[in-house]
Amino acid sequence: MKLLHVVPTYVPAWRHGGPVAAVHGLCKALAARGHQVTVFTTDVHGAGTLDVPRGVPVAIDGVAVWYFPVAAPRRLYRSPALAAALAGVAGFDLVHLHSVFLWPTSAAARAAERAGVPYLVAPRGMLVGDLLRRRGRLRKRLWIRLVERHTLARAAALHATSELEAQEAARLGLPLPPVYVVPNGVEAEPWDPARETALAPAVRAALARRPLLLFLGRISWKKGLDRLVAALAEVPGATLALAGNDEEGYRASLDRLAAAAGVAGRVLYLGPVHGADKAGLLHGADALVLPSYSENFGNVVLEAMAAGLPVAVTPEVGLAALVREHGAGVVTAGDPPLLAAALRRLLADPAAGKAMGCRGAAAAARELSWQVIACRMENVYARILAARRATAGAAAAIAS
């Protein structure tokens, strides 16, 4: 198949979170299965731009990636150059759109519709009622009415990464196409103790603190870090390592919370981590904690599972059901006293934690490798195209 993926940001724009890695993982795996995969994206990287060629294909892991510059208003990722490239959308069999509320998705949807090419939409956690109410409620309601309702109604399918995300989208009362749940995948990265010499001093110092709770991801209000810091006061002796970029300037609020709770000395900020530092933390911490208020999937949970690290998540995390199903950790309410109690139990029994990690690693390898996920997505594409052919055949028969 000739597949076009349209996404506002793409590798190496890692600071934009899990969707960047997830979309690339999927595209890379689809290309490995013999499909011709093209990505249209922008050059946005936080407040700056990527140092990449623009308007020409860049080969990344078998995927042809086209980066386009954006114009004002920058927050919508509007790109006239990308719009011009979409004139060639008729040359693709199918278009996969990743995001909502942003210009590239609506522009690509309209182009595909005009060309008669089926498209599916992956909201990537952005069609969640709680998020819509908390951030930009009026603006997003207007966008849904004027743009997104049409985009979703004309889509061939909605791609949700978890049952939780599918349920959240259904609750919005929008006209949705058929919904397919296909999770993100993971590539397990084995750990070699010899790599310890390559660790940053701050990471090495964090790993020397025991027990060590790890949060890995964007430092954001959405991640429930306020209740995690409050819970830490009731987990004696534990250190919390926060590894991720702070695009929202949220650290100052967390510093105040930590000081008020008396745990400032037990909260370490490591900044963004990659490569050996990230792998070392996933293989060396005692548990990963993701107490999000809303999380359509939770890529870091899957990465922790693949590394054999037990996890503690709130029910609002899309992977919570998988964690519970496979006994890969604990699912607990995010209220600080309840979260603290769950963390104390987890840390009190290292053998049980190790067994959870082993079960998580087995489940990740068996069910959630990118090879398995790419095959599942390929089947979704095939069903969409078969339905389109059947519809076209029926219309031709009636016309004749």
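Let me begin by describing the structure that accompanies this report. (Residues numbered from 1 in each chain as written. Predicted model: local features only at pLDDT ≥ 70, side-chain atom pairs only at ≥ 80, totals over all residues. Heavy atoms only, no water.)

## Quick look at the packing of aromatic side chains
What counts is decided by this rule: Only rings of Phe, Tyr and Trp enter the pairing, Trp through its six-membered ring, and a pair is recorded when the two centres are within 6.5 Å. The plane angle decides the type: under 30 degrees is stacked, over 60 is edge-to-face, the rest tilted. For the purposes of this entry, the term helix denotes a DSSP run of H or I that reaches at least four residues, the term strand denotes a run of E that reaches at least two, and both are numbered from the N terminus. When accessible area is computed with a 1.4 Å probe and restricted to protein chains, residues below 20% of their type maximum are described as buried, those above 50% as exposed, and intermediate ones as partly exposed.
In this structure the tally under the stated criterion is three aromatic pairs. When the ring of F40 is compared with that of W66, the centres are 6.2 Å apart and the planes differ by 75°; the resulting orientation is edge-to-face. In this pair, F40 is assigned in strand β2 (residues 36-42) and W66 in strand β6 (residues 63-68), connecting sequence segments 26 residues apart. On the accessibility criterion, F40 (6% relative accessible area) is buried.

## Brief notes about the nonpolar core
For the record, the criterion: The criterion is simple. A nonpolar core is a set of buried Ala, Val, Leu, Ile, Met, Phe, Trp, Tyr and Cys residues joined through side-chain atoms within 4.5 Å. Pairs of residues are marked as contacts when any of their non-hydrogen atoms sit within 4.5 Å.
Core analysis: the largest hydrophobic core is formed by 100 residues, its most contacted members being Y10, L214, L288 and V301. Sort the elements by how many residues they give to this core and helix α15 (residues 370-399) lands first, with eight residues. Leaving out residues up to four positions away in the same chain, Y10 has contacts with V20, V23, H24, C27, V39, T41, L50, V63, V65 and Y67. Counting residues in each nonpolar core, the second largest holds 27 residues, with F92, W103, L152 and A169 among its members.

## Quick notes on the sheet that holds strand β7 (residues 94-98)
Across a sheet, paired strands are connected by hydrogen bonds in the backbone, their directions being either parallel or antiparallel. Definition in use: For two strands to be treated as a pair, DSSP must find at least two bridges joining them. Where helices are involved, their axes are fitted lines through C-alpha atoms of the stretch in contact, as for all axes, and angles between N-to-C directions lie from 0 to 180°.
One open sheet accounts for eight strands, arranged β5-β6-β2-β1-β7-β8-β9-β10; its pairing is mixed. Both outer strands of the open sheet, β5 (57-60) and β10 (179-181), are each paired with one neighbouring strand and no more. Taken pair by pair, the neighbouring strands of this sheet meet at an average axis angle of 25°, ignoring direction. Two elements, β5 and β6, share four bridges in a ladder whose sense is antiparallel. Paired with V58 across the two strands is V65, which belongs to β6. Strands in contact with helix α3 (residues 103-115) are β1 (2-6), β7 and β8 (119-122); relative to β7, the strand with the most contacts, it is inclined by about 165°.

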